[in-house]
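Overview (structure and organization)
So the chains spell out like this:
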Amino acid sequence: MIPSGIMKPPRGKLSLPIIIITTCILVFVAILYVERLSFPSSKSIFKFKPCPRQIKPQSNDKKADEEVVIVNASSWIDDRFDFDPEECNVANGKWVFNNSITPLYSDISCPYIDRQFSCVKNGRNDSDYRHWEWQPEDCTLPRFNPELALRKLQGKRLLFVGDSLQRNQWESFVCLVEWVIPHKHKSMILGRVHSVFTAKAYNATIEFYWAPYLVESNSDINIIDIKKRIIKVDAIAERAKNWTGVDILVFNTYVWWMSGIRIKTIWGSFANGQEGYEEFDTPIAYKLALKTWANWIDSTINPNKTRVFFTTMSPTHTRSQDWGNMEGVKCFNETKPVKKNKHWGTGSDKRIMSVVAKVVKKMKVPVTFINITQLSEYRIDGHSSVYTETGGKLLTEEERADPQNADCIHWCLPGVPDTWNQILLSML
């Protein structure tokens, strides 16, 4: 018979509470292990898996003194843990108007913006295009924090390589960070081919290298008529020798390839002038050149020391019928983004995007895509339009009145390229 009072567990047996606690711990560890094993990833330019939407606190603090920037940086750093670039498809989303958002810079406050992109200084009066915020469908994209960007770049070189759209992105990145650096701790050296912004206090550089085709051509430096351009699809070494010793490389090449249905290409020397060139359909010539670039990356770049990014094509908006404006001309006088979901115009060649995806897929060195094409497709309002220069001269009032003079390729700064760099920073 069991005596009355408190029961004592028999010797050699564990008490019930200990068994329960031990079981819970084992289950918890097992769940973590399964989660780790089943964690999906994607390297495709087209295929992504959504990440859960995270609710993050929004800061209304504007740029002020350095202490405020650092405080905000800590909250933004926390947000980064909520964002996983491998799982979040930033290309799927929508532009949301937010008048409370103030750009981190202007084309007046930042001294490094080309007149080609300085829309406000060039007379653009509407401002809504500066207050659209990209919101991915299934996750939260952290806002650009200049202090965090500089910390990530400390002791490093960031080099943008490509055409004038890449220069557009480079100038955006410089302007996003330069305002938090005291004047005496920063410098800019502008070159015809290679330009370098230095953040001295961080021992960091943000650089741009002009290479519109990535490979060599007879129009890289001294630009000639489109019909006379010949691309040397097998030659890259002369340009690429300037891309070594860099910590972060960001490439692009697209708009210069869209000069016609066929491209003149050549192997070997340009000594024979136009003799011996061969014409290819644009996607074929592009593929030949991109393979040369890929071979150089695989044979030269150490992925343990250098990260490689590729910015997908920036869309052109030269045909207003694409977005249903049958009476319009190009992007002239457009002041709002396209609302139609998945809008895709004739200014983005899916054949080129397919070539990039296939070439990169076969590379040994990992290349991360900055997938800007779809989100930029909506932004017919963000281009320089007639608030730009041509031939080194600003358009006159009379020239601005002519829609045919609208630049619907490049982007106003501040503007859409700031979002490209927001994505880039989130991936670093």
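Residues numbered from 1 in each chain as written. Predicted model: local features only at pLDDT ≥ 70, side-chain atom pairs only at ≥ 80, totals over all residues. Heavy atoms only, no water.

Looking at an unreviewed UniProt entry, the chain carries the name Trichome birefringence-like N-terminal domain-containing protein, with the source organism given as Sphenostylis stenocarpa. Under the heading Subcellular location (unreviewed entry), UniProt records this for the chain: "Membrane". The record held by UniProt for the chain lists under Sequence similarities (unreviewed entry) the comment "Belongs to the PC-esterase family. TBL subfamily." (UniProt positions renumbered as here; feature names shortened; annotations may be inferred.)

Attention shifts here to the side chain of S219. Considering the arrangement of structural elements, one finds S219 in the loop between β7 (216-217) and β8 (231-232). Within the structure, the side chain of S219 is placed 3.4 Å from the side chain of R229, a separation counted as a polar contact. Excluding anything up to four places from it in sequence, S219 contacts I224, R229 and W256. (Helix = DSSP H or I, 4+ residues; strand = E, 2+ residues; numbered from the N terminus. Polar contact = N/O pair within 3.5 Å; in protein donor to acceptor, adjacent residues only side chain to side chain. Contact = heavy atoms within 4.5 Å.)

The subject of this paragraph is a positive patch on the surface. Residues K287, K291, K358 and K362 make up a contiguous surface patch of positive charge. Residue placement: K358 occurs in helix α7 (residues 350-361). Given a relative accessible area of 54%, K358 falls into the exposed group. (Patch = residues over 30% accessible without salt bridge, like charges linked within 9 Å, V, L, I, M, F, W, Y side chains within 5 Å. Areas by Shrake-Rupley, 256 points an atom, 1.4 Å probe, with all protein chains shown as cover. Salt bridge = Lys/Arg side-chain N within 4 Å of Asp/Glu carboxyl O. Lys, Arg positive; Asp, Glu negative; His and termini not counted. Charge placed at Lys NZ, Arg CZ, Asp CG, Glu CD. Buried < 20%, exposed > 50% of the residue type's maximum accessible area, 1.4 Å probe, protein only.)

Below, the discussion takes up empty space enclosed by the protein. A probe matching the size of a water molecule, rolled over the atoms, marks out where space remains unfilled. Under the definition given, this model contains five cavities of 30 Å³ or more. Taken as a whole, the largest cavity spans an internal volume of roughly 70 Å³. Surrounding the largest cavity, 11 residues form its lining, F310, T312, M313, I352 and V356 being those nearest its centre. For the lining of the largest cavity, the secondary structure elements donating two or more residues are β12 (307-311) and α7. Per element, the largest residue contribution to the lining of the largest cavity is three residues, and it comes from α7. Grouping the amino acids of the lining of the largest cavity by side-chain chemistry returns eight nonpolar, three polar and no charged. (1 Å grid on protein atoms, 1.4 Å probe; cavity = no way out; pocket = protein on both sides within 12 Å on 5 of 7 lines; lining within 4 Å. Points joined across faces, edges and corners; volume = space filled by probe spheres on them. Nonpolar A, V, L, I, M, F, W, Y, C, P; charged D, E, K, R; others polar.)

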